Each structure stands twice: as structure tokens, then as C-alpha cells.
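Letter by letter, the chains look like this.
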Amino acid sequence: MMKRFIFTLAVFVAFMMVQAQNATKILDKTVAALKAAGDVKINFVLSMEDQSSTGYIKLKENKFVVNLDGYIIWFDGETMWNYVKSNQEVNVTNPSPTEISRINPYAFLAFYKKGYSVSLGKSTSDEYEVVLIGNESTQYKNVVVRVNKSTYFPTAIRLDSTRGPLVTDIKCTSYLKNQKYSDKTFRFVKKNFPNVEIIDLR
């Protein structure tokens, strides 16, 4: 009886290790696919606490610009400009990698090997589901990533924050690959917002 239990446990542990390896490989391929796509524009719908908004994110290496219903964030790899339309203000900061990951959900894909246990979830014929469980040091207590099996692009991400019951759902509606963005795309341009107040917090 005990030998059978030990054997069953060993098989289960081996199966879970294989599952984790496969799930990690899927995320590895997702990161590789995004990098191979060059400059990318991703349109998405973001839902949080029974509210939803549409927006887009443009990515170029470690640079990005997010526009969510007129709430705009530019990041050029060092400096971030946060535009709040209702206040007509722009806050300027030099954010940490952790702060960047809170704003840019796709930055999470670069940190999934640090502090998260990875496993396969309920995949379908078209998509993989990868489930990540964080530890006490991670930004999110769990993350669910759905990945298209053909393109390896993420189609949806669910982020469950460790800071209270706050769940964010992101559904990707379209991808535009191989865009040619200049570096100024990822910087705030004052002449385009002549009436805003700039608050430098660096």
C-alpha cells in the first residue's frame, strides 16, 4: 500500500514538473514571438471592478506608450510622462522596473521566471492557458495568460493583485506587427498639449 502511494506520488510530481516545463516553454515562445514581431501596436479592452475601457499600447523594445480612453502614459526607456486629461497635468518620473510592470502588463512577460510557479491551465483547441502563482514578494498573487497556439501572441491576461481584491482583465482585440515607430513616439511632446501643467517628480 505504502509502495503504491509513493509510486503514485512520484508520478504526480513528475507530471507536475513536466507541466511546469511545458507552460514555461509556452511563455518563452510568447516572449520570442513579441520580440520577433518588431514594433507592435496592440488594441485591447481593459476591465476592472465592473468598469471597462478601450485602448492601445505601442511597443518598441523597452519603450511603450499606452492610451486608455485619453489617459496617456509615455515611457522612453528611462523617463515616464503620465498625462491626466481631467486635471490637464503631466507628471514626469523615472520609474523603477516594478512600477513599469504595474503600468505595462506586457512587461510582466519579462519577469515570469522570478517568484512564480508556472503550470498549464484549461487550454482549448485554439489557445493555451498558463497559470502563474506568485509568492509573497511578487506584484501579483496569480496571473492567467491565454496564448494563441498559432501565433504565440497573448490573447488575454488576468492579473490578481496582492494589494487587495483587485482583478484586472485585459483582452487583446488586434495586433499590428512590424510597425516603424520613431523614438519620439514614446515621449511627451509639449506643443501637442499646450495647456497642460508639467509636474516634474524626478
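Going by the structure above, here's the rest.
Model, not experiment: these values are computed from the prediction. Along each chain, residues carry numbers from 1 onward, in the same order as the chain's sequence is written. Note on the predicted model: pLDDT of at least 70 is required for a residue's local features to be given, and 80 or more for side-chain atom pairs to be given and counted; whole-chain, interface and lining totals, by contrast, use all residues. As a convention, hydrogens and water are excluded, and side-chain values are obtained from all of the structure's heavy atoms.

## Here we look at the sheet that holds strand 11 (residues 167-179)
Here is step 1: At least two bridges found by DSSP between two strands is the condition for calling them paired. By definition, any uninterrupted DSSP run of H or I lasting at least four residues is a helix, any uninterrupted run of E lasting at least two residues is a strand, and each is numbered from the N terminus. With respect to topology, twelve strands assemble into an open sheet ordered 7-8-9-10-11-1-2-3-4-5-6-12, the strand pairing being mixed. Both edges of this open sheet fall to strand 7 (116-120) and strand 12 (197-200), since each of them pairs with a single strand only. For this sheet the average axis-to-axis angle between neighbouring strands, irrespective of direction, equals 15 degrees.
Here is step 2: Where strand 9 (residues 140-148) lies against strand 10 (residues 154-161), seven bridges are found, and the strand directions are antiparallel. For Asn 142, the partnering residue across the bridge sits in strand 10 and is Asp 160. To get an axis, fit a line to the C-alpha atoms, keeping to the stretch in contact for a helix; angles then go from 0 to 180 degrees between the N-to-C directions.

## Quick look at the side chain of Thr 79
Here is step 1: Here Thr 79 lies in the loop between strand 4 (71-75) and strand 5 (80-84).
Here is step 2: By definition in these notes, contact holds between two residues if any of their heavy atoms fall within 4.5 Å. Setting aside residues up to four positions removed in sequence, Thr 79 forms contacts with Trp 74, Val 92, Thr 93, Asn 94 and Arg 202.

## Some points on the side chain of Lys 60
Here is step 1: Positionally, Lys 60 belongs in strand 2 (residues 51-60).
Here is step 2: Any pair of N or O atoms that falls within 3.5 Å is considered a polar contact. Within protein, one atom must be able to donate a hydrogen and the other to accept it, and sequence-neighbouring residues count only if both atoms are side-chain atoms. A distance of 3.4 Å separates a polar atom in the side chain of Lys 60 from a polar atom in the side chain of Asp 183.
Here is step 3: When near neighbours in sequence (up to four residues on either side) are disregarded, Lys 60 contacts Asp 39, Tyr 181, Ser 182, Asp 183 and Phe 186.

## Comments concerning the environment of Val 147
Here is step 1: As for its placement among the helices and strands, Val 147 is situated in strand 9.
Here is step 2: Whether a residue is buried, partly exposed or exposed follows from its accessible area with a 1.4 Å probe, protein chains only, as a fraction of its type maximum: under 20%, in between, or over 50%, in that order. Its relative accessible area of 0% is what places Val 147 among the buried residues.
Here is step 3: Val 147 sits 19 residues away from Tyr 128 along the chain, and the two C-alpha atoms are 5.1 Å apart.
Here is step 4: If we skip the residues at most four places from it in the chain, Val 147 touches Ile 26, Thr 30, Asp 126, Glu 127, Tyr 128, Tyr 152, Phe 153, Pro 154 and Thr 155.

## Remarks on unusual backbone geometry
Here is step 1: Non-glycine residue Gln 88 carries a positive phi angle of around 50 degrees.
Here is step 2: You can see Gln 88 is positioned in the loop between strand 5 and strand 6 (89-93).

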